[in-house]
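Residue-level listing of the chains:
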Amino acid sequence: DVERYASLVHADGEASKVAMACAEETRRTDLLLRYPPHVIALGCLRVAMALEGADTLPWCEQNGVCKEDVKGVCAELVKRCRSL
């Protein structure tokens, strides 16, 4: 899902790589039990693209994805990174 959404939100190659690394990290969490795959993918992309100053939340809203769920995934990823 990350690669598919990366092209839809116009993420560059570096953001896609970071998002894929984030997606791999989600396998060590319970996010897979709490959110559908597309929300996790978009959360990973949001984290990756935020490093470049871009925001995917407007795209999520326009396409019917719950931005609060995407924010929840992001918060978990950031929390996990801080604990490493």
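For the structure, see preceding data.
Summarised in this report is the structure supplied together with it.

What counts, and where the lines are drawn
- Residues numbered from 1 in each chain as written.
- Predicted model: local features only at pLDDT ≥ 70, side-chain atom pairs only at ≥ 80, totals over all residues.
- Heavy atoms only, no water.
- Helix = DSSP H or I, 4+ residues; strand = E, 2+ residues; numbered from the N terminus.
- Rg over C-alpha atoms; globule rule 2.2 N^0.38 Å.
- Buried < 20%, exposed > 50% of the residue type's maximum accessible area, 1.4 Å probe, protein only.
- Contact = heavy atoms within 4.5 Å.
- Areas by Shrake-Rupley, 256 points an atom, 1.4 Å probe, with all protein chains shown as cover.
- Lys, Arg positive; Asp, Glu negative; His and termini not counted.
- Charge placed at Lys NZ, Arg CZ, Asp CG, Glu CD.
- Salt bridge = Lys/Arg side-chain N within 4 Å of Asp/Glu carboxyl O.
- Axes fitted to C-alpha atoms, helices over the stretch in contact; angles between N-to-C directions.
- Parallel < 35°, antiparallel > 145°, perpendicular 65-115°, else oblique.
- Left-handed = near helix turned anticlockwise from the far one by under 90°.
- Nonpolar A, V, L, I, M, F, W, Y, C, P; charged D, E, K, R; others polar.
- Phe/Tyr/Trp six-rings, centres within 6.5 Å; stacked < 30°, edge-to-face > 60°.
- Lys NZ or Arg CZ within 6 Å of the ring centre and 35° of its normal.

1. Considering the overall build of the protein chain
Of the regular secondary structure elements, the protein chain holds six helices and zero strands. In sequence order, the protein chain lays out its α and β elements as α-α-α-α-α-α. On C-alpha atoms alone, the protein chain measures out to a radius of gyration of 11 Å, which is about the 12 Å that the 2.2 N^0.38 rule sets for 84 residues. Projected onto its principal axes, the C-alpha coordinates of the protein chain cover approximately 30 × 25 × 20 Å. Out of the 84 residues belonging to the protein chain, those deemed buried represent 40%. In the protein chain, 70% of the contacts between residues at least 6 apart in sequence involve partners at least 24 apart. Only carbon and sulfur atoms are counted for the fraction: they give 52% of the accessible area of the protein chain, which is about 5,000 Å². Considering the protein chain, the positive charge centre built from 11 side chains and the negative charge centre built from 13 side chains are found 4 Å apart.

2. A short note on the pattern of salt bridges
Side chains carrying opposite charge are able to pair once their charged atoms draw close together. For the coordinates displayed, the defined rule picks out ten salt bridges. Residues Arg34 and Asp30 are paired through a salt bridge, measuring 3.7 Å at the closest nitrogen-oxygen approach. With its nearest N and O atoms 3.7 Å apart, the salt bridge here joins Glu76 to Arg34. Of the two residues, Glu76 sits in helix H6 (residues 67-83) while Arg34 sits in helix H3 (residues 31-34), which places them 42 residues apart along the sequence. On the basis of relative accessibility, which here comes to 22%, the residue Glu76 falls in the partly exposed class.

3. A few points about the packing of helix H4 (residues 37-50) against H6
In a pair of packed helices, the angle between the axes and the distance between the axes together describe the arrangement. Where H4 contacts H6, the two axes come as close as 8 Å, and the packing angle between them is 60 degrees. Compared by their axis directions, H4 and H6 come out oblique. Judged by the twist between their axes, the crossing of H4 over H6 is right-handed. Residues Val39, Ile40, Leu42, Gly43, Cys44, Arg46 and Val47 of H4 form the contact with H6, whose participating residues are Asp69, Val70, Lys71, Val73, Cys74 and Leu77. Residue composition of the contact of H4 with H6, grouped by class: nine nonpolar, one polar and three charged.

4. Some points on the packing of aromatic side chains
Evaluation of the coordinates by the stated rule reveals one aromatic pair. Here the basic side chain of Arg4 rests over the ring of Tyr5, its NZ or CZ set 4.6 Å away from the ring centre.

Honestly, it's all geometry; don't read function into it.
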